[in-house]
Amino acid sequence: MKLYDFKLAPNPKRVRMFLAEKGIEVPLVQVNTREREQFSDWFRKVNPGCTVPVLELDDSTCIAETVAICRYFEALQPEPPLMGRDAKDQGVVEMWNRRAEIEGFMVAGDVVRNALPMFADRGVPGLPSGVPQIPALAERGKAGMRRFFDKIDARLGETRFLAGDAFTIADITAYITIEFVKRAEVEVPEACGNVRRWVEDIAARPSTSA
Ligand SMILES: N[C@@H](CCC(=O)N[C@@H](CS)C(=O)NCC(=O)O)C(=O)O
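The rules behind these values
Residues numbered from 1 in each chain as written. Predicted model: local features only at pLDDT ≥ 70, side-chain atom pairs only at ≥ 80, totals over all residues. Heavy atoms only, no water. Helix = DSSP H or I, 4+ residues; strand = E, 2+ residues; numbered from the N terminus. Buried < 20%, exposed > 50% of the residue type's maximum accessible area, 1.4 Å probe, protein only. Polar contact = N/O pair within 3.5 Å; in protein donor to acceptor, adjacent residues only side chain to side chain. Domains from an automatic or database assignment. Buried area = accessible area lost by both parts, 1.4 Å probe. Salt bridge = Lys/Arg side-chain N within 4 Å of Asp/Glu carboxyl O. Nonpolar A, V, L, I, M, F, W, Y, C, P; charged D, E, K, R; others polar. Pairing = 2+ DSSP bridges. Axes fitted to C-alpha atoms, helices over the stretch in contact; angles between N-to-C directions. Contact = heavy atoms within 4.5 Å. Near = heavy atom within 4 Å. Areas by Shrake-Rupley, 256 points an atom, 1.4 Å probe, with all protein chains shown as cover. Expected span 1.5 Å × (residues − 1).

Before going further, it helps to spend a moment on the side chain of arginine 14. Residue position: arginine 14 is located in helix α1 (residues 10-22). Judged by its relative accessible area of 2%, arginine 14 is buried. A distance of 2.8 Å separates a polar atom in the side chain of arginine 14 from a polar atom in the side chain of asparagine 11. Looking at arginine 14, its side chain comes within polar contact range of the side chain of threonine 173, at 3.2 Å.

Encoded structure:
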């Protein structure tokens, strides 16, 4: 088994954090997306979508998509549960993880991909060129991030972690979202004290340096 990774990219970090929380070690193969290695012929055979992370199993099955890879490891090694223990927990974790992905991570992606010069003509991951940046999308994304911060601030005023009392994949997704969007100089607002408390709490976990 091996994990196609890139140390500087946010989605692979979500998987590395998930694995670190479970105490699972998987050999890593670096695919330098800053050097466009995701578009090489060899990597296209691993993932025609040209994105990382990808998990390659010993029978050569390749599993792309961050949450799909996490789901695989959750089934392989359920402890500690990061995707919910029983049916209710699983539903609640999924709800918060989807919100963190759709309202957080994807929106942060709009901001970063449409604002940073390094993504000029590459507004969408997995496409080598021909996708111009749209500055208005970055601006819309910044407003969306503010809504996301407010939403999770309200939630974290009620519960220690996003999905309740236990740390889960939803916290990983939201934490990496916050790290990611800093690249475009978007920070957690001062007013979101619950998010700031939670960020400090998560940052103290050894898995954040995975
Ligand atoms: N939906 C995919 C997205 C993966 C993705 O966008 N990965 C980025 C790194 S964080 C990538 O490989 N980008 C390649 C590029 O910029 O062309 C997932 O959840 O794994």
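Having seen it, we continue.
This brings us to the domain arrangement of the protein chain. Each assigned domain of the protein chain is listed with its residue range as follows: domain 1 (2-76) and domain 2 (87-209). Taking only C-alpha atoms into account, the centre of domain 1 sits 20 Å from that of domain 2. Roughly 1,800 Å² of surface becomes buried between domain 1 and domain 2 when both sides are summed, with 60% attributable to carbon and sulfur atoms. For the domain 1 face of the interface with domain 2, the top three residues by lost area are Arg14, Met17 and Glu21, together amounting to 35%. Connecting domain 1 to domain 2 are four salt bridges. When the shortest N-O distance is used, the salt bridge between arginine 14 and glutamate 101 registers 3.0 Å. At the surface where domain 1 touches domain 2, the tally comes to nine residue pairs in polar contact (both at pLDDT 80 or more). Those elements giving two or more residues to the side of domain 1 that touches domain 2 turn out to be α1 and α3 (66-76). Broken down by element, the residue count for the side of domain 1 that touches domain 2 peaks at eight residues, all from α1. Split by residue class, the side of domain 1 that touches domain 2 holds 10 nonpolar, five polar and seven charged.

Pairing is mixed across the open sheet formed by four strands, whose spatial order is β2-β1-β3-β4. Across the chains shown, the open sheet's two edge strands, defined by having one partner strand only, are β2 (28-30) and β4 (62-64). Shown here is a sheet whose adjacent strand axes are inclined to one another by a mean of 25 degrees, direction ignored. Two elements, strand β1 (residues 2-5) and β2, share three bridges in a ladder whose sense is parallel. Bridging across to β2, leucine 3 finds its partner in leucine 28. Against the sheet, α3 makes contact with β1, β3 (54-56) and β4, and its axis sits at roughly 125 degrees relative to β4, the strand it touches most.

Among the 16 residues in the neighbourhood of the ligand, the closest are listed as Gln38, Val52, Glu65, Arg113 and Gly126. Side-chain polar atom of glutamate 65 to a nitrogen atom of the ligand: 2.7 Å apart, as the coordinates give it. One nitrogen or oxygen atom from the side chain of arginine 113 is found 2.8 Å from an oxygen atom belonging to the ligand. With the chains in place, 86% of the 520 Å² that the ligand exposes on its own is no longer accessible. When residues in the shell around the ligand are grouped by element, the largest group, three residues, is from α1. Taken together, domain 1 (2-76) and domain 2 (87-209) each give at least three residues to the shell around the ligand, which thus spans both.

Right, let's talk about the environment of alanine 210 for a bit. The topology assignment puts alanine 210 in the segment after α7 (193-203). In the structure, alanine 210 is positioned 145 residues away from glutamate 65 in sequence and 19 Å away in space, judged by C-alpha atoms. Excluding residues within four positions of it along the chain, alanine 210 makes contact with Lys7, Lys13, Arg16, Met17 and Ala20.

Here we take up helix α6 (residues 169-181). If you check α6, its first and last C-alpha atoms are 18 Å apart, about what 13 residues at 1.5 Å a residue would give, namely 18 Å. Restricting attention to buried positions, one finds in α6 the residues Ile169, Ala170, Asp171, Ile172, Thr173, Ala174, Tyr175, Ile176, Thr177, Ile178, Phe180 and Val181. Contacts made by the buried residues of α6 are with α1, α3, α4 (87-115), α5 (135-156) and α7.

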